[in-house]
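Spelled out from the first residue to the last, the chains are:
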Amino acid sequence: MKFFQTFVILALASSHAFASDPSPLQDFCVAVNDPSSAAFVNGKFCKDPKLVMADDFVFTKFRNPGSTSNQLGSKVTTAFVDQFPGLNTLGIAMARLDFAPYGLNPPHIHHRGTEMLVVVEGTLHVGFVASNQLNNTLFTKVLTKGDVFVFPQGLIHFQLNIGQTNALAFAFLSSQNPGLITIANSIFGAKPLINVDVLTKAFQVDDKLINYLQEQKWFENH
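Residues numbered from 1 in each chain as written. Predicted model: local features only at pLDDT ≥ 70, side-chain atom pairs only at ≥ 80, totals over all residues. Heavy atoms only, no water.

Caption draft 1: Structural context of the sheet that holds strand β5 (residues 93-99). One open sheet accounts for 5 strands, arranged β4-β5-β12-β7-β10; its pairing is antiparallel. Every interior strand has two partners, whereas the edge strands, β4 (74-79) and β10 (148-151), have only one. Averaged over all pairs of adjacent strands, the angle between strand axes in this sheet comes to 20 degrees, irrespective of strand direction. When strand β7 (residues 115-121) meets strand β12 (residues 167-173), the two strands line up antiparallel, connected through 6 bridges. Across the sheet, the residue bridging to Glu 121 is Leu 168, located in β12. (Pairing = 2+ DSSP bridges. Helix = DSSP H or I, 4+ residues; strand = E, 2+ residues; numbered from the N terminus. Axes fitted to C-alpha atoms, helices over the stretch in contact; angles between N-to-C directions.)

Caption draft 2: Just unusual backbone geometry, in detail. Put simply, Lys 191 and Pro 192 share a cis peptide bond, and its omega is -5 degrees. Mapped onto the elements of the fold, Pro 192 is located in the loop between α2 (183-188) and α3 (196-203). If you check the backbone angles, Asn 135 has positive phi at about 60 degrees while not being a glycine. Inspection of the secondary structure assignment puts Asn 135 in the loop between β8 (124-129) and β9 (138-143). The phi dihedral of Gln 204 falls on the positive side, at around 55 degrees, and the residue is not glycine. Within the secondary structure, Gln 204 is located in the loop between α3 and α4 (207-215).

Caption draft 3: View of the nonpolar core. Counting 26 residues, the largest nonpolar core has Leu 97, Leu 117, Leu 124 and Val 126 as its most contacted members. Elements that contribute at least two residues to this core include exactly β4, β5, β7, β8, β10 and β12. Here this core gets 6 residues from one element, more than from any other, and that element is β12. Once you skip the residues sitting within four places of it in the chain, Leu 97 turns out to touch Lys 75, Val 76, Asn 105, Leu 117, Gln 159, Ala 167, Leu 168, Ala 169, Phe 170 and Ala 171. (Core = buried A, V, L, I, M, F, W, Y, C linked by side-chain atoms within 4.5 Å. Buried < 20%, exposed > 50% of the residue type's maximum accessible area, 1.4 Å probe, protein only. Contact = heavy atoms within 4.5 Å.)

Caption draft 4: Quick peek at the packing of aromatic side chains. Summed over all chains, the structure comprises 7 aromatic pairs. Here Phe 128 and Phe 139 contribute two aromatic rings whose centre-to-centre distance is 5.1 Å and whose plane-to-plane angle is 20 degrees, an arrangement assigned as stacked. Linking Phe 128 in strand β8 with Phe 139 in strand β9, this pair joins segments that are 11 residues apart in sequence. For Phe 139, a relative accessible area of 39% puts it in the partly exposed group. For the ring pair Phe 149 and Phe 151, a centre distance of 5.1 Å and an interplane angle of 55 degrees mean the geometry is tilted. (Phe/Tyr/Trp six-rings, centres within 6.5 Å; stacked < 30°, edge-to-face > 60°.)

Caption draft 5: Structural context of the pattern of salt bridges. Applying the stated rule across the entire model yields 3 salt bridges. Salt-bridge contacts for Asp 56 lead to Lys 47; the nearest nitrogen and oxygen are separated by 3.1 Å. Each member of the pair Asp 56 and Lys 47 is classed as buried. (Salt bridge = Lys/Arg side-chain N within 4 Å of Asp/Glu carboxyl O.)

In C-alpha cells, the structure reads:
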C-alpha cells in the first residue's frame, strides 16, 4: 500500500512538473541558429554564454503599432522565441495586439501556453470556448482599459474591438513557443485541402459552401 501511495504522489508531482516548459538548468540560453555554438536546448541551439550581450535580452518591436490595414483589421506582433531569442528556456512570451475599429483577432488556439491579456486602450469583446466535456460553454466578457482576462491553454479564444476607435492590448503567455492554430485558416486553408466530404458532414452544409470557403485566401494577422 505504501508503495502505491508513493507511486501516486510521484505521478501527480511529475504531471505537474511537465505541465509547462521545462525548467532551465542554466542562467540563460540565448537561441542561435549556428549548430557550432554548442548545446541544443528546447529546440534551439544555445549561444556561447561568453558571447551573450545585453542586446540579446531586449525586444524593441513593440514600440510602434502594427499595421491593421487588412481584412481582419488587426495585427499581432509576437515576441516568441523565434523573434526574441533571449526567451529560450525561460518559459514566457508576449504579444502586442493592435486593432482598428471593429477589428478582430479571429478564433485561434495556443496549444502550448495559457494567455493573459491586458487592455491598454479601447474596448474589447473577448471570450473562450470550453471543451466538449463542459458542453462547449462560451465564457465571454467586455474589457476596457486596465482590465485583464485569462485564456486557458489549448482552448479556442478570440478578441474583437467593439469600439469606434483603435484598441491596444498586450498578451503574456506561459511558453516561449506557445504555438498558434487559427481555426478558419486550418480547416479551410489546409495544404493540401481537407476532403470536401469530411467538411460537409462535419458542418452539415452542402459542398458549394465548403468549396467557396476553401477558395478564399485566408489571411494570417500574426
